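# Descriptive analysis of the structure
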Amino acid sequence: MEQKESRQIRQMFGAIAPRYDRANHLLSLSIDRYWRRLTCRSLAPLLPADPMILDLCAGTGDLTLQLAPLGTVVGCDFSHPMLVLGLDKSRARQSDGRVRFVEGDALRLPFPSGSFDAVTIAFGLRNLEDYHQGLREILRVLRRGGTLAILEFSLPRIPVFKEIYRFYFFHLLPRLGGWISGDGQAYSYLSRSVREFLEPVALERLLLEVGFSGVRHRLISGGVVALHMAQKV
């Protein structure tokens, strides 16, 4: 698998930050909001009272802010322009008492070991230059008994639907995303990165290899995305 250049990816996300939310909602017909709500609902029963939650690769903070009713949330991302937008949204919603944003690299997290009861990462794992290192860092900052929730794109396998979706995702979406965001390269990268990413079963194997337990996943929206859950014992 071709390694990703962290600097180029950081620059790419910084460039599309002003139109990032609008593009995501339009291209997914706002179903991305449902995916994040489902992640929160799936995580909630597994949390202790007053938990500390890390939302990794937080971007503009959509999932970070949705997690806020569950506990204290830290949104972490390496793109400064994305975090500025997330902070603006947090202030507008008056949720910054429960939410804070930290600029940091997922491969070298700026937190002590055992800092969090849960870690979430939505549509960010495939952007890491080293999946193993990223997951090891997540395992390090989780407390014993803590939960990891990964929300990531997948490719559906339902007959007919998979062909329609693949045509949209690999041919139409890059053009539409480029038109909406003003950066065609970014959405060509999105399609390519999803094609190259681990299949759900392969990601489960990797999670077990790194040291997680209770690994499982569910496919959502016909297999368009997968929600992976795992624990640190």
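Summarised in this report is the structure supplied together with it. Computed from a prediction, not measured in an experiment: that's the story for all the values here. (Residues numbered from 1 in each chain as written. Predicted model: local features only at pLDDT ≥ 70, side-chain atom pairs only at ≥ 80, totals over all residues. Heavy atoms only, no water.)

### As for the side chain of His-228
Selection rule: Runs of H or I in DSSP of at least four residues are treated as helices and runs of E of at least two as strands, each being numbered from the N terminus. For every residue, the accessible area obtained with a 1.4 Å probe (protein chains only) is divided by the maximum for its type, and the residue is called buried under 20%, exposed over 50%, and partly exposed between those limits. We call two residues contacting when some pair of their heavy atoms lies within 4.5 Å.
By the element assignment, His-228 lies in strand β7 (residues 225-231). Classification of His-228 as buried rests on a relative accessible area of 2%. Ignoring any residue separated from it by four or fewer positions in sequence, one finds His-228 in contact with Leu-148, Ala-149, Ile-150, Pro-200, Leu-203, Glu-204, Leu-207, Arg-216 and His-217.

### Looking at the environment of Val-73
Along the chain, the position of Val-73 falls in strand β2 (residues 72-77). Val-73 sits in the buried class, given a relative accessible area of 0%. A C-alpha to C-alpha distance of 9.4 Å links Val-73 and Phe-116, two positions 43 residues apart in sequence. Aside from chain neighbours lying at most four places away, what touches Val-73 is Ile-53, Asp-55, Thr-64, Leu-67, Ala-68, Arg-98, Val-99 and Arg-100.

### Let's talk about the packing of helix α1 (residues 6-27) against helix α6 (residues 161-181)
Applied cut-off: Axis lines are fitted to C-alpha atoms, over the contacting stretch for helices. Their N-to-C directions set the angle, which ranges from 0 to 180 degrees. Between 65 and 115 degrees an angle is taken as roughly perpendicular, under 35 as roughly parallel, over 145 as roughly antiparallel, and anywhere else as oblique. With the far helix as reference, a near helix turned anticlockwise by less than a right angle produces a left-handed crossing, and one turned clockwise produces a right-handed crossing.
Following both chains from N to C, one finds α1 and α6 inclined at 135°, their axes separated by 9 Å at the closest point. The orientation of α1 relative to α6 falls into the category oblique. The crossing of α1 and α6 is right-handed. Contact residues: Ile-16, Arg-19, Arg-22, Ala-23, Leu-26 and Leu-27 in α1; Tyr-168, Leu-173, Leu-176, Gly-177, Ile-180 and Ser-181 in α6.

### Overview of the packing of helix α5 (residues 131-141) against helix α8 (residues 200-210)
Quick note on the threshold: Three classes are used: nonpolar for Ala, Val, Leu, Ile, Met, Phe, Trp, Tyr, Cys and Pro, charged for Asp, Glu, Lys and Arg, and polar for all others, with Gly counted as polar.
Two elements in contact, α5 and α8, have axes whose closest approach is 10 Å; the angle formed by their N-to-C orientations is 55°. Judged by the angle between their axes, α5 and α8 are oblique. Seen along the crossing, α5 lies across α8 with a hand that is right-handed. Residues Tyr-131, His-132, Leu-135, Arg-136 and Leu-139 of α5 lie in contact with α8, whose contacting residues are Leu-206, Leu-207, Glu-209 and Val-210. Residue classes in the contact of α5 with α8 are distributed as six nonpolar, one polar and two charged.

### Regarding α6
What counts here: The seven residues ending at a residue and the seven starting there each receive a fitted axis; the angle between those axes is the bend at that residue.
A bend of about 50° at Leu-172 is the largest found in α6, and the proline Pro-174 appears one to four places after it. Among all positions of α6, only Tyr-165, Phe-169, Phe-170, Leu-173, Pro-174, Gly-177, Gly-178, Ile-180 and Ser-181 are buried. Phi turns positive, to about 80°, at Gly-182, one or two residues after α6.

### A word on the pattern of salt bridges
Inclusion rule: Basic side-chain nitrogens of Lys or Arg form a salt bridge, by our definition, when they fall within 4 Å of a carboxyl oxygen of Asp or Glu.
Inspection of every chain in the model, using the stated rule, returns nine salt bridges. For Lys-89, the salt bridge identified is with Asp-21, shortest N-O distance 2.8 Å. Here the residue Lys-89 occupies a position in helix α4 (residues 80-92), and Asp-21 occupies one in helix α1, the gap between them amounting to 68 residues. Residue Lys-89 shares its accessibility class with Asp-21, and that shared class is buried. Where Arg-108 meets Asp-105, a salt bridge forms, and the shortest distance between an N and an O atom there is 2.5 Å. When its relative accessible area of 17% is taken as the criterion, Asp-105 is described as buried. Where salt bridges share partners, they join Asp-21, Asp-62 and Lys-89 into one cluster.

### A word on the sheet that holds β2
Note the following rule: Strand pairing is defined by DSSP finding a minimum of two bridges between the two strands.
The sheet built from seven strands is open, its strands ordered β3-β2-β1-β4-β5-β7-β6 with mixed pairing. Each of the sheet's edge strands pairs with one partner strand only, and the pair in question is β3 (99-103) and β6 (213-220). Each adjacent strand pair in this sheet contributes to an overall mean axis angle of 15°, direction not counted. In terms of strand pairing, strand β5 (residues 142-153) meets β7 through seven bridges, oriented antiparallel. Looking across to β7, one finds that Ile-150 is bridged to His-228. Here α5 sits on the sheet and contacts β1 (52-56), β4 (116-122) and β5; the angle it forms with β5, its principal contact strand, is near 145°.

That's the geometry; what it means functionally is another story.
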